[in-house]
Structures are given as C-alpha cells and as structure tokens.
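Residues per chain, in single letters:
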Amino acid sequence: MRLLLQVLFVALLTFAGVAHAQAIEPMPFKDHAQELRFQQLTHQLRCPMCQNETLADSNAPIARDLRNQIFQMMQQGKSDEEIKQYLVARYSKFVLYDPPLTPGTWLLWFGPLLILLGGAGVVLVAIRKRSRIGSTATEAPTDNGDDW
C-alpha cells in the first residue's frame, strides 16, 4: 500500500506542471507555405514584454496578441515588410530581433568588438610593462643556504 502511495505521489508531482503548460493555439493556415512564412516572421520579431525571446517562443499575453495580429494581417494579404513596418511604428525598432545597421545602432553592433579590442590593448600594455621590468631587474638570486 505504501509503495502504491509513493508511486501515485511521484506521478502527481511529475504531471503537475502539465496543467500549467500553455500550447500555442493552432491557426487555420491556407497552406504549409503560409505557415512557414508565419513561423519565419515570428522568429524575426521580439516580444515587447519578454525582451529576450522571439514572438514565436514567448508565452506572454502580448506575444499571443501580436501573433494573432500578424496572422490576421497575413490573411489580409500584407507583405512581411508591411507587417514589420506596422510593428516598428507601434513598438519602435526594438521589436526587430536583428535591428538594422543605422547610426543609432552602431554601438549595438560594434560595441562588443570595441570592448574586446580595448581589453586586448590593456593586456598587451600589461605584458610589455612586465617584460620591461623583468629585463631591467635581473639580479642574481642570493643563496644563503636556507631551504625554507
């Protein structure tokens, strides 16, 4: 009896998370090509609430609303660019997962490279400084016989 209760308890704990799992609601696509287009488009757009997830990956309510909005715009015959322009007008360029290269995004694109080059410069300066100190201070070690 005790074994049966333990198995039941483990099963309840295992399947407790299933009740909270949220599946993305199925949408009535016209064909497989339209479904692929929808998936590709939702992977190119960022969730405004989650900030680090695409619309396709996010379970936030706003992401669900935006997916529905994109689906309806696709049904109306809007192109991918028109859909992106609509979302950029509402949420700024932040909604694009790969922002375009503009003067406003130069730091975003090239900032990590500048930090890496700056760090490499600091390391080179430190190495040269140590090599100069090491070459000028070459004294003979004194051996006084103590091996402590």
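Our subject is the structure that appears above.
Residues numbered from 1 in each chain as written. Predicted model: local features only at pLDDT ≥ 70, side-chain atom pairs only at ≥ 80, totals over all residues. Heavy atoms only, no water.

**Observations regarding the pattern of salt bridges**
Step number 1: Enumeration according to the criterion identifies one salt bridge in this entry.
Step number 2: Here Arg37 makes a salt bridge to Asp80, at a shortest N to O gap of 2.6 Å. Note that Arg37 is positioned in helix H2 (residues 32–44) and Asp80 in helix H4 (residues 80–91), a separation of 43 residues in sequence.
Step number 3: In this structure Arg37 comes out as partly exposed when scored by relative accessible area, which is 25%. (Salt bridge = Lys/Arg side-chain N within 4 Å of Asp/Glu carboxyl O. Helix = DSSP H or I, 4+ residues; strand = E, 2+ residues; numbered from the N terminus. Buried < 20%, exposed > 50% of the residue type's maximum accessible area, 1.4 Å probe, protein only.)

**Details of the packing of H2 against helix H3 (residues 61–75)**
Between two packed helices, what matters for the description is the angle formed by their axes and the separation of those axes.
Step number 1: As a packed pair, H2 and H3 sit with axes 11 Å apart at the nearest point and diverge in direction by 135 degrees. Taken together, H2 and H3 sit at an angle that is classed as oblique. Considering the relative orientation of H2 and H3, their crossing is right-handed. Residues Gln34, Arg37, Phe38, Leu41 and Thr42 of H2 form the contact with H3, whose participating residues are Arg67, Ile70, Phe71, Met74 and Gln75.
Step number 2: For the contact of H2 with H3, the per-class residue count stands at five nonpolar, three polar and two charged. (Axes fitted to C-alpha atoms, helices over the stretch in contact; angles between N-to-C directions. Parallel < 35°, antiparallel > 145°, perpendicular 65-115°, else oblique. Left-handed = near helix turned anticlockwise from the far one by under 90°. Contact = heavy atoms within 4.5 Å. Nonpolar A, V, L, I, M, F, W, Y, C, P; charged D, E, K, R; others polar.)

**A few points about the nonpolar core**
Step number 1: Membership of the largest hydrophobic core comes to 18 residues, with the highest contact counts inside it found for Phe38, Leu45, Leu55, Ile70, Ile83 and Leu87.
Step number 2: Of all elements in the fold, only H2, H3 and H4 reach the threshold of two or more residues within this core.
Step number 3: Looking at this core, the element that brings in the most residues is H3, giving six residues.
Step number 4: Once residues within four sequence positions are removed from consideration, Ile83 is found in contact with Arg37, Leu41, Ile70, Met73, Met74 and Lys78. (Core = buried A, V, L, I, M, F, W, Y, C linked by side-chain atoms within 4.5 Å.)

**Some thoughts on H2**
Step number 1: Taking 1.5 Å of rise per residue, the 13 residues of H2 would be expected to cover 18 Å, and the 19 Å separating its terminal C-alpha atoms lies within 8% of that figure.
Step number 2: Among the residues making up H2, those that are buried are Gln34, Phe38, Leu41 and Thr42. For H2, the angular spread of the buried residues around the axis is 95 degrees, confining them to a single face.
Step number 3: Lining the buried residues of H2 we find H3 and H4. (Expected span 1.5 Å × (residues − 1). Arc of directions from axis to C-beta.)

**Notes on the state of the cysteines**
Step number 1: Under the criterion given, the structure shown has zero disulfides.
Step number 2: Here Cys47 stays free of any disulfide, with the sulfur of Cys50 as its closest cysteine sulfur at 3.5 Å.
Step number 3: A relative accessible area of 0% means that Cys47 is categorised as buried.
Step number 4: Cys50 sits in the partly exposed class, given a relative accessible area of 30%. (Disulfide = S-S within 2.5 Å.)

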